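Fold and geometry: a report
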Amino acid sequence: MHVLATAGHVDHGKSTLVRALTGMEPDRWAEERRRGMTIDLGFAWTSLPSGATVAFVDVPGHERFVGNMLAGVGPVPAAVVVVAADEGWRAQSAEHLAALDALDVRHGLLVVTRSDLADPGPAIEHARAEIAATSLGTVEAVAVSGVTGAGLDELRAALDRLVAELPAPDPAAAVRLWIDRSFTVKGAGTVVTGTLGAGELRVGDELELTGAARPVRVRGLQSLGAAAERVGAVARVAINLRGVDKDTIGRGQALLTPGRFRLTDLIDVRVHGDPVADLPATVTLHTGSAAVSARVRPLGADTARLRLHTPLPLRIGDRALLRDPGRHHVAGGVTVLDVVPPGLSRRGAAATRAAQLESMSGPDLSSELHRRLLVRRADLLRMGVSDPGEPVAGDWLADPAHWAGLGERLAREVVQHAAEHPLEPGAPVEALRHRLGLPDRALVEALVRPPLVNRRGRISTGAADVPAELVTTVERAFDGLGDRPFAAPDAYRLSELGLGTRQLGAAVRAGLVVQLADNVILRADAPRRAAQVLAGLPGPFTVSEARRALDTSRRVAVPLLELFDTTGVTRHLPDDRRVVETG
Ligand SMILES: Nc1nc2c(ncn2[C@@H]2O[C@H](COP(=O)(O)OP(=O)(O)O)[C@@H](O)[C@H]2O)c(=O)[nH]1
Ligand SMILES: [Mg+2]
């Protein structure tokens, strides 16, 4: 099915045309039929010669009902612009066309009606020129009479050509159904209708309803008057809802696939049309079937921040229309650039923001990542990025350059931590998460790559490349200590060999030695072996007893025992003796 909206000045023959094409009455209200004027949206449908089904959303032309017109046009991708041959281009011809342009409607057809009353030539010429200057571009034109039926066959053929060029909807897309009508049906309860532009609805689906605290469930579906188990886009659809009261639902609200949209009341937009500086401080923003009041804060020459009176399920790339509520005129269209914009409290923040918005257009993954650096995949989907790519960890997506930079920073932090805490077997993940300002430990872990290693929640430099010279020098430091594995080379010997802070740090990171204090080093396996020796002592022991058992000095024994205390190898008793912890 295809859905088209009518557009055009009041009394130019829109409803008559829809009636002639479909045999259905688009003016649903008794008042409309009595006054011979469309007030609210009308709906009718028919089959085209190709077999394609086309449904019309017939809109009111009177300027008092432009709000209703916009609710009908908002969700529809194509329009039939109607102009009366005998009246020509009029105020709402222009206003409706400006609205289609603001909403970036790209497909349409010009129908000049009442051509039994006047030569349609001048109206066609004028209208086509006006339309050509908008998002609709060059359109086909057909002259008809809704009364005599002349031209209707050509129109049906032209409609077939129009619907054939409409883009195919994405059946897998999330549903955002803008409600254009709601009513109660005896025995069935609340029913809402709308134009389904993408995705699919099924009986039993649970949906979010904007403005409602609880989800609603689809109890029944109808399309073009027939019940259906599922309805795919594009379609006019009527939805019987469970769990909702008629009084709490209506035009302007939307039914949403759960978890796929976020409601926002603050958006940054690009303005098409009037210069931003000319916009009134308060405008009415129309999108889908919604119309909400919005405060305008100009940012750049064609960008602004809008504070919406009511939050809407908007995504980056959405189009909306701004109307001046005072002068009743279409002030322009907007493209949503950001639905979670940064605060502007710092001095100069607005100018910086304007510069950022300069280069933005649609929901482009790389620029979103560039802007947000790290963001959850689900959040990007909600913002309107349809293919957010592969996460770096968990649900997190990262800007590639930022991620590479974080990897380098992590390596530096780990090296620095090793230098500051040479006795620790690496930096704790949580400490690194904090140092790097990351929101999730999983990110730190995902940044670990060789030569870094992650062992039991600590990240270390692992087996780094050790200069052969360093290995030899360290060996020489232990020369002459013979078979005393717990004896440390003295400070003089170290300085003689050129083993300063940096060299010792490297030797520690390379796993050659452990450093117990300034200038106090042992071979790397010494602490493990010392623990075995101490475990063989008959009972609690003093520092002196440990020192003798290990055949070493207090200079080594004291910091070694302190290390054992902190790592849980020994327990320090109140009488200053220690025991080796078992198990
Ligand atoms: N002679 C003639 N009258 C028409 C034609 N189309 C519409 N009308 C009349 O024009 C008036 C307005 O038509 P309507 O369809 O209600 O216009 P709308 O406001 O654009 O929906 C009605 O009195 C129609 O009967 C046409 O093609 N020829
Ligand atoms: Mg009408």
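As a reminder, the structure under discussion sits directly above these lines.
Everything numeric in this text was worked out from a predicted model, so none of it was measured.

1. Description of the overall build of the protein
Assigned secondary structure in the protein consists of 18 helices and 30 strands. Dimensions along the principal axes, computed over C-alpha positions, put the protein at roughly 120 × 55 × 45 Å. Here the protein, with 583 residues, has 48% of them falling under the buried criterion. Contacts spanning at least 24 positions in sequence make up 65% of the contacts within the protein whose residues lie at least 6 apart. Total accessible area on the protein stands at roughly 26600 Å², and carbon and sulfur atoms take up 50% of it. The averaged location of the 70 negative side-chain charges in the protein is 5 Å from the averaged location of its 68 positive side-chain charges.

2. So, the pairing of strand 18 (residues 290-298)
For strand 17 (residues 282-287) and strand 18, the ladder comprises 6 bridges, and the chain directions are antiparallel. Bridge assignment links His 286 to a residue of strand 18, and that residue is Ala 291. Connecting the antiparallel pair strand 17 and strand 18 is a turn made up of 2 residues, with Gly 288 showing a positive phi of about 55 degrees. Inspection of the sheet shows strand 18 paired to strand 19 (residues 303-312) by 5 bridges, in the antiparallel sense. Residue pairing in the sheet places Pro 298 in a bridge with Ala 304 of strand 19.

3. Focus on the side chain of Thr 6
Along the chain, Thr 6 turns up in strand 1 (residues 2-7). We classify Thr 6 as buried; its relative accessible area is 1%. A distance of 2.9 Å separates the side chain of Thr 6 from the side chain of Asp 58, its partner in a polar contact. Those residues in contact with Thr 6, other than ones at most four positions away along the chain, are Lys 14, Val 18, Val 57, Asp 58, Val 59, Val 73 and Val 80.

4. A few points about the environment of Pro 540
Within the secondary structure, Pro 540 sits in the loop between helix 16 (526-535) and helix 17 (543-550). Taking the C-alpha atoms as reference points, Pro 540 and Val 375, 165 residues apart in sequence, are found 55 Å from one another. Ignoring anything within four residues of it in the chain, the contact list for Pro 540 reads Glu 545, Leu 573, Arg 577, Arg 578 and Val 579.

5. Overview of the coordination of the magnesium ion (ligand 2)
Looking at the metal site, the magnesium ion (ligand 2) is ligated by Ser 15 (OG) and Thr 38 (OG1), spaced 1.9 to 2.1 Å from it. Of the two residues, Ser 15 is situated in helix 1 (residues 14-22) and Thr 38 in the loop between helix 2 (30-35) and strand 2 (42-47); the sequence distance between them amounts to 23 residues. Its relative accessible area of 10% is what places Ser 15 among the buried residues. Given the relative accessible area of 9%, Thr 38 is considered buried.

Each value, and the rule that gives it
- Residues numbered from 1 in each chain as written.
- Chains lettered and ligands numbered in written order.
- Predicted model: local features only at pLDDT ≥ 70, side-chain atom pairs only at ≥ 80, totals over all residues.
- Heavy atoms only, no water.
- Helix = DSSP H or I, 4+ residues; strand = E, 2+ residues; numbered from the N terminus.
- Buried < 20%, exposed > 50% of the residue type's maximum accessible area, 1.4 Å probe, protein only.
- Contact = heavy atoms within 4.5 Å.
- Areas by Shrake-Rupley, 256 points an atom, 1.4 Å probe, with all protein chains shown as cover.
- Lys, Arg positive; Asp, Glu negative; His and termini not counted.
- Charge placed at Lys NZ, Arg CZ, Asp CG, Glu CD.
- Pairing = 2+ DSSP bridges.
- Polar contact = N/O pair within 3.5 Å; in protein donor to acceptor, adjacent residues only side chain to side chain.
- Donors = N, O, S within 2.8 Å, 3.2 Å for Na, K, Ca; no water.

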